[in-house]
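# Descriptive analysis of the structure
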Amino acid sequence: MIKNIYEILDEFELAPTKQEKKQILQQNDLFHLKELLKYTFDKKYQFYVEDKFPTDYIEPDTAPGIRYAGIESEIRRTYLFVKGDPTADSLTEQKRKILLLQLLESFEPKEARIYFNMLKKDLKIKGLTEALVREVYPDLLS
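Treat the numbers as computed from the prediction; the structure is a model and nothing was measured.

Burial analysis of helix 7 (residues 109-119) places 8 of its 11 residues in the buried class, the great majority of the element. Among the residues of helix 7, Glu111, Ala112, Ile114, Tyr115, Phe116, Asn117, Met118 and Leu119 are the ones counted as buried. Each element contacted by the buried residues of helix 7 is listed here: helix 1 (5-14), helix 3 (31-41), helix 4 (71-74) and helix 6 (93-106). Trailing helix 7 by a residue or two, Lys121 shows a phi angle of about 70 degrees, which is positive.

Mapped onto the secondary structure, Asn28 falls in the loop between helix 2 (18-27) and helix 3. Setting aside residues up to four positions removed in sequence, Asn28 forms contacts with Lys3, Ile8, Leu33 and Tyr137.

The residue Val133 is located in helix 8 (residues 130-136) in this model. Each C-alpha atom of the pair Val133 and Phe41 lies 8.2 Å from the other, and the pair is 92 residues apart in sequence. Once you skip the residues sitting within four places of it in the chain, Val133 turns out to touch Leu37, Phe41, Leu128, Leu140 and Leu141.

A word on the pattern of salt bridges. Enumeration over the complete set of coordinates arrives at 13 salt bridges. With a shortest N-O distance of 3.7 Å, Lys97 and Glu50 are connected by a salt bridge. Of the two residues, Lys97 sits in helix 6 while Glu50 sits in the loop between helix 3 and helix 4, which places them 47 residues apart along the sequence. Judged by its relative accessible area of 38%, Glu50 is partly exposed. Three or more residues are tied together by salt bridges with common partners; here these are Lys18, Lys22 and Glu135.

Rules behind the numbers
- Residues numbered from 1 in each chain as written.
- Predicted model: local features only at pLDDT ≥ 70, side-chain atom pairs only at ≥ 80, totals over all residues.
- Heavy atoms only, no water.
- Buried < 20%, exposed > 50% of the residue type's maximum accessible area, 1.4 Å probe, protein only.
- Helix = DSSP H or I, 4+ residues; strand = E, 2+ residues; numbered from the N terminus.
- Contact = heavy atoms within 4.5 Å.
- Salt bridge = Lys/Arg side-chain N within 4 Å of Asp/Glu carboxyl O.

Encoded structure:
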């Protein structure tokens, strides 16, 4: 069974050494994790995103592990928020806000925060740096 992205990141954050942190990333060599890291640390990606987490966000009332969607299936929709993407650039600010809110509300609350933090280019995960990502995945970032 594939771990939720927040389970991987929680495990990463609890690892006491840099080597153990690297091993966690290597052991979880998943497309959606690498995409999350790429969007967070690659400077070529800039996003249309508000400064603060949406105030009209309604937290889903599902139990942990039960959700409508997850980052692993929805990371492909990130292009909707990338500055310079023709589709994203053609959307109105209001439409982007609605799409982001719908996306965040389809995730578990912890995943919603991680996704939003990715758009803000700061996952807020202790020890997770661009330098470490470049060490583990040398070809991931431009």
